[in-house]
Amino acid sequence: MTVNARCFTTSAALAIASAIMFAAPAAAQDTDETVGAAPGLTEIIVTAQRREENLQDVPVSVTAIGEDQLVALGSGGQDIRALSGRVPSLIVESSFGRTFPRFYIRGLGNTDFDFNASQPVSLIYDDVVLENPILKGFPVFDMERVEVLRGPQGTLFGRNTPAGIVKFDSVKPQDTPGGYANVSYGRFNNINAEAAAGGPLGDNVSVRLSGLYQRQDDYVDNVLPSGTTKDAFGGYKDLAFRLQAAISPSDDFEILLTGQVRDLEGTARLFRANNFTRGETGLNENFDRDTVSTDGQNDQSVTTRNASARVTWDIGPVSLISVTSFWTGKSSSVGDVDGGFGANFLPPNLFGPGDIPFTAETRDAVPDLDQFTQELRIASNGDGPISYQAGIFYFDESLSILSQNFSTLGDPLNAPGGINIVVSQQQDSEALGIFGSVTVDLTERLSVTGGIRYNDDERDFVVVRSADSQFPTFLQNPLGTVTRSVSDDTITWDGSVTYELTDDVNLYAKVARGYRAPSIQGRILFPPATATPLEDGVSVADSETITSYEAGIKSTLLGGRARVNLSGFLYDLNDAQLTAVGGNVNANRLINADNVRGYGFELDAELIPVDNLYLTAGLSFNHTEIQDSDLTTAACGATRLDTFPNVSLCTITDPIVTPAAPFSAAIVSIDGNRLPQAPRWIANWTARYEIPTPNGEFYAFTDWSYRSRINFFLYESVEFQDARQIEGGVRIGYSTDDFDVAAFVRNITKDTSAVSAIDFNNLTAMVNEPRIWGISAGVKF
């Protein structure tokens, strides 16, 4: 065990011991009136184990995101990326904007930007896994609960969950009529409108219709030598609806039918050329949030549709549950990836925002996506000493991807104008899971849980690449049709022990094995110059497995006015699937690392120190380390001439195995590096203060998040990182049982942080969202 690991283990043990010592006196003072539900804090119900339970009783590191925070995060039109940093150990980012979110939990994620990217964090939306990235961006509205489960969740939620899951449960149809409507208006003519209504239709049917409309004007100017186009980029229109019908032919039989749609049009991610300076960390003087200088195209669209049916039959001792779902979608995103204008092959051109040696414009599209899932599950009923569930899960996906390289203006490296490279991918995936889990109460205070799952995955992949004949010979490289097939089967499992130390303090320990299925990456717009049909640039990553150890304490303190949950964890990720992004070309390459070691802790706390004041806080520490002495990757792209030391665009801090040459990136060792997008520290906190009135209350709510330094790539450099990000919001208003009016500000401190980068062409940055302010009003009925 390393010194750092020993220090962490000692610190975690001391923290847990201190929490127990702090909690014990409060428990000793419990009376009949204070035992159980807290007088100030309400019980939080979660479904982390596929059944409704008190969050304090679940042997999982889980955070439930409250209604206040969801309302605040959505008030400025933010998409699902607004969840980033709002709970311990969670980061969400994207190089596509609203289309393609990438999730990271405990440092584990995937920076791959292709539409078939496999992620180790799964999204579960109303009991249905959303596999493809364009589905994971489905808007969050009319939610009953949002939960973040950290650590492997493979037994009950299946493959591709070694890092954890983000779980969304929408509000279901009710037996009584009711609903709500909220609308906000803010900066950039930003509108966020959300509404839901429903109730019974006869004795056995109830319905609920809910929707979300978000829009924003363009606000970013495009400044070119030929003139400035005002308000050219930054706008969007995002519309989503959900219709549900609950049919109950009898008291023990229920059918829930759901239909969902989403349509998005707007600006794709803005790439900002040379917004980093070689040899320095942080955005430079080229950065101006309200302007870009780009000579390429930019637009984005997403359309997704869903139909699902959940059937529940209560037959006494057990319930039988069937969940059937079909999702379909298509998407297109085009951007000027070089981030600037005036690109030219030779001589070096400094006319635009720094040197841009060649143009890079790409369109990535999903012409067709079909996902079908079916789960059959049996779950025990009642409160007996033994509870169990078992089931079978089937997944089938057909995915088409079209990638195009083109040049709006043309240059010596690209055929003049138009589309000049086309890559068509077709991927078909199937997965089968058979699972079971049982919990046994050994005593009134001690329970054990064990689960096991069999996973079987198959994936077939076909890619065709063609290049314009006007390309230089070394870039044409026609490869014809390339095929790949991968498959694997494995067992995942978990076991946990929960001990009720007192009525208000639970201890738990858990060990789990998780799994991510093998992956294929074939976005070969620019394969290696030596590529042949046998060495074609298509990369394959073997399955990865994780073994995770976790222990924690969940406590209710101060007579029910406080909750403190603390967990510590250690994991080994074997054959870790990593994505080598960029290098000398705009491409991804999958690699397997022998091991990634991670450890850390997570803390969730809630407190009502005085009446009408409600505080929450979260904190996490994550240490990640790649452990593979032979693992190398290409670093940032190389300049066209030997104008810098080592020719590289960036200042590499890793050991160099092969030095860079003009247009040939350096090869570096990444053994010992932390994972990309894996900050050591994440903190979040909220506060709500209320001033009661005879008919309602005035309130003020503020929420904040902080994350420490992140790297953008597997290799480390001075430039491609961000030191920290801290964002906050404030909401002040008046509410009654029937209505709410408020004023709000998001990113109140105008924090400006790089969140991602592009390294193959120039020092290109992508940044966080701007400050938004506005007013909102809502009614309930």
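Residues numbered from 1 in each chain as written. Predicted model: local features only at pLDDT ≥ 70, side-chain atom pairs only at ≥ 80, totals over all residues. Heavy atoms only, no water.

### Considerations on the overall build of the protein chain
Quick note on the threshold: Each helix corresponds to a stretch of at least 4 residues labelled H or I by DSSP, and each strand to a stretch of at least 2 residues labelled E; elements are numbered beginning at the N terminus. When a residue's accessible area, from a 1.4 Å probe over protein chains only, is under 20% of the maximum for its type it is buried; when over 50% it is exposed; and in between it is partly exposed. Whether two residues touch is decided by their heavy atoms; if any such pair falls within 4.5 Å, the residues are in contact.
Secondary structure assignment for the protein chain yields five helices and 43 strands. Scored against the burial criterion, the 781 residues of the protein chain give a buried share of 58%. If you take every contact in the protein chain between residues at least 6 apart in sequence, the share linking residues at least 24 apart comes to 69%.

### Comments concerning the state of the cysteines
For clarity, the cut-off: Two cysteine sulfurs form a disulfide in these notes if their separation is within 2.5 Å.
This model, assessed by the stated rule, comprises one disulfide. The disulfide partner of cysteine 636 is cysteine 650, and the gap between their sulfur atoms is 2.1 Å. Torsion about the S-S bond of the cysteine 636 and cysteine 650 cystine: about -95 degrees, corresponding to left-handed handedness. Of this pair, cysteine 636 sits in the loop between strand 32 (632–634) and strand 33 (656–658) while cysteine 650 sits in the loop between strand 32 and strand 33, and the two are 14 residues apart along the sequence. Like cysteine 650, cysteine 636 is buried.

### Remarks on the nonpolar core
Using the following cut-off: Residues belong to a common nonpolar core when they are buried Ala, Val, Leu, Ile, Met, Phe, Trp, Tyr or Cys residues joined through side-chain atoms within 4.5 Å.
Formed by 78 residues in total, the largest nonpolar core has its most connected members in Leu90, Phe168, Leu578, Ile626, Tyr715 and Phe720. Ranked by residues supplied to this core, first place goes to strand 29 (residues 562–581) with seven residues. Every residue in contact with phenylalanine 168, bar those within four places of it in the chain, is listed here: Ile80, Leu83, Leu123, Ile124, Tyr125, Asp126, Val140, Met143, Arg145 and Val146. Counting 17 residues, the second-largest nonpolar core is a separate cluster that includes Ile124, Val129, Ile165 and Phe395.

### Overview of the packing of aromatic side chains
The line we're drawing: Between rings of Phe, Tyr and Trp, where Trp is taken as its six-membered ring, a pair exists when centres lie within 6.5 Å; planes separated by under 30 degrees are stacked, by over 60 edge-to-face, and by other angles tilted. By the criterion adopted, a ring carries a charge over it if an Arg CZ or a Lys NZ lies within 6 Å of its centre and within 35 degrees of its normal.
Across all of its chains, the model carries 21 aromatic pairs by this definition. Look at phenylalanine 188 and tyrosine 219: their rings are 4.0 Å apart centre to centre, the planes differ by 15 degrees, and that puts the pair in the stacked class. Taken together, the positions of phenylalanine 188 in the loop between strand 10 (178–186) and strand 11 (190–200) and tyrosine 219 in the loop between strand 12 (205–216) and strand 13 (220–224) put the pair 31 residues apart, joining distant regions of the chain. Among the residues examined, phenylalanine 188 registers a relative accessible area of 17% and is labelled buried. For the ring pair phenylalanine 713 and phenylalanine 720, a centre distance of 5.2 Å and an interplane angle of 90 degrees mean the geometry is edge-to-face. Among the residues examined, phenylalanine 713 registers a relative accessible area of 5% and is labelled buried. By the ring-pair criterion, three or more aromatic residues cluster together here, those being Tyr125, Phe138, Phe141, Phe168 and Trp327. Positioned above the aromatic ring of tyrosine 236 is the side chain of arginine 98, whose terminal nitrogen or guanidinium carbon lies 3.9 Å from the ring centre. A cation sits over an aromatic face here: arginine 242 above phenylalanine 141, 4.3 Å from the ring centre.

### What about the pairing of strand 9 (residues 164–170)?
Formally: We call two strands paired when DSSP finds no fewer than two bridges between them.
Counting buried positions over the seven residues of strand 9 gives seven, a clear majority of the element. By the alternation rule, side chains of strand 9 split into Gly164, Val166, Phe168 and Ser170 and Ile165, Lys167 and Asp169, which are all buried. Both strand 6 (residues 121–125) and strand 9 contribute to a ladder of five bridges, which runs parallel. Note on strand 9: the bridge partner recorded for valine 121 is glycine 164. Sheet topology note: the strand 8 (residues 143–150)/strand 9 ladder contains seven bridges and is antiparallel.

### Some words on the sheet that holds strand 8
For the record, the criterion: Where helices are involved, their axes are fitted lines through C-alpha atoms of the stretch in contact, as for all axes, and angles between N-to-C directions lie from 0 to 180°.
The sheet built from five strands is open, its strands ordered 3-8-9-6-7 with mixed pairing. A strand with exactly one partner marks an edge of an open sheet, and here the two such strands are strand 3 (61–65) and strand 7 (128–130). Between one strand axis and the next, the sheet turns through 25 degrees on average, direction left out of account.

### Quick word on the confidence of the model for the protein chain
Threshold: The quantity known as pLDDT measures the predictor's confidence residue by residue, on a range of 0 to 100.
Per-chain confidence: the protein chain averages 88 in pLDDT, with 88% of residues scoring 70 or above. Predicted confidence in the protein chain is weakest over helix 1 (residues 3–28), with a mean pLDDT of 37, and strongest over strand 16 (residues 253–266), with 98. Low pLDDT, under 50, characterises residues 345–351; the predicted model gives this stretch 20 contacts beyond four residues in sequence or across chains. In this model, residues 529–534 is a region of pLDDT below 50 whose contacts with residues beyond four sequence positions or in other chains number six contacts.

### A few points about a nonpolar patch on the surface
Operational definition: Exposure above 30% relative accessible area and the lack of any salt bridge qualify a residue for a patch; like charges then connect within 9 Å, and the nonpolar side chains Val, Leu, Ile, Met, Phe, Trp and Tyr within 5 Å. In this description, accessible areas are obtained by the Shrake-Rupley approach with a 1.4 Å probe, and a residue is regarded as covered only by the protein chains that are shown. We define a salt bridge as a side-chain nitrogen of Lys or Arg found within 4 Å of a carboxyl oxygen belonging to Asp or Glu.
On the surface, a nonpolar cluster with roughly 430 Å² of combined accessible area is contributed by Leu209, Tyr213, Leu239, Phe241 and Leu243. Broken down by secondary-structure element, the contributors of at least two residues to the nonpolar patch are strand 12 and strand 15 (236–250). Per-element accounting of the nonpolar patch gives the leading share, three residues, to strand 15. In this fold, leucine 243 is placed in strand 15.

### Comments concerning the pairing of strand 35 (residues 681–692)
As judged from the nine bridges shared by strand 31 (residues 613–627) and strand 35, these two strands associate in the antiparallel manner. The residue of strand 35 that forms the bridge with glycine 618 is asparagine 684. By the bridge criterion, 11 bridges tie strand 35 to strand 36 (residues 697–707) in an arrangement that is antiparallel. Pairing of glutamate 690 across the sheet is with tyrosine 699, part of strand 36. The hairpin formed by strand 35 and strand 36 contains four residues between the paired strands.

### A look at a negative patch on the surface
Selection rule: Counting rule for charge: Lys and Arg are taken as positive, Asp and Glu as negative, and neither His nor the chain ends is counted. For the purpose of locating charges, the reference atoms are NZ of Lys, CZ of Arg, CG of Asp and CD of Glu.
Together, Asp542, Asp575, Asp594, Asp630 and Asp671 make up a region of like negative charge exposed at the surface. As for its placement among the helices and strands, aspartate 575 is situated in strand 29.

### Observations regarding the sheet that holds strand 17 (residues 291–292)
Across the sheet, three strands lie side by side as 14-13-17; this open sheet has mixed pairing. Each edge of the open sheet carries a strand with a single partner, namely strand 14 (227–233) and strand 17. Both strand 13 and strand 17 contribute to a ladder of two bridges, which runs parallel. Looking at the pairing, asparagine 222 lines up with valine 292 of strand 17.

### A look at the side chain of asparagine 595
Our working definition: Distance and chemistry together define a polar contact, namely a pair of N or O atoms within 3.5 Å, with one atom able to donate a hydrogen and the other to accept it when in protein, and with adjacent residues in sequence counting only for side-chain atoms on both sides.
Inspection of the secondary structure puts asparagine 595 in strand 30 (residues 588–607). Of the residues examined, asparagine 595 reaches a relative accessible area of 10% and is grouped as buried. A polar side-chain atom of asparagine 595 sits 3.0 Å from a polar atom in the side chain of aspartate 572. Residues within four places of asparagine 595 in sequence aside, it is in contact with Asp572, Leu573, Asn574, Glu625, Ile626 and Gln627.

### Structural notes on the pattern of salt bridges
All told, the structure shown has 42 salt bridges when counted by the stated rule. A salt bridge links arginine 159 to glutamate 131; the shortest N-O distance between them is 3.4 Å. Of this pair, arginine 159 sits in the loop between helix 4 (154–157) and strand 9 while glutamate 131 sits in the loop between strand 7 and helix 3 (133–136); the two residues are 28 residues apart in sequence, bridging distant segments of the chain. Overlapping salt bridges bring together Glu52, Glu144, Arg145, Glu147, Lys167 and Asp169 as one network.

### A word on unusual backbone geometry
Even without glycine at this site, asparagine 274 takes up a positive phi of about 50 degrees. Within the secondary structure, asparagine 274 sits in the loop between strand 16 and strand 17. Given the relative accessible area of 10%, asparagine 274 is considered buried. A positive phi is found at lysine 750, a non-glycine position, where the angle reads about 55 degrees.

### Some details on helix 2 (residues 67–74)
For helix 2, the complete set of buried residues consists of Gln69, Ala72, Leu73 and Gly74. Structurally, helix 2 contributes buried residues whose contacts are with strand 3, strand 11, strand 12, strand 35, strand 36 and strand 40 (739–746).

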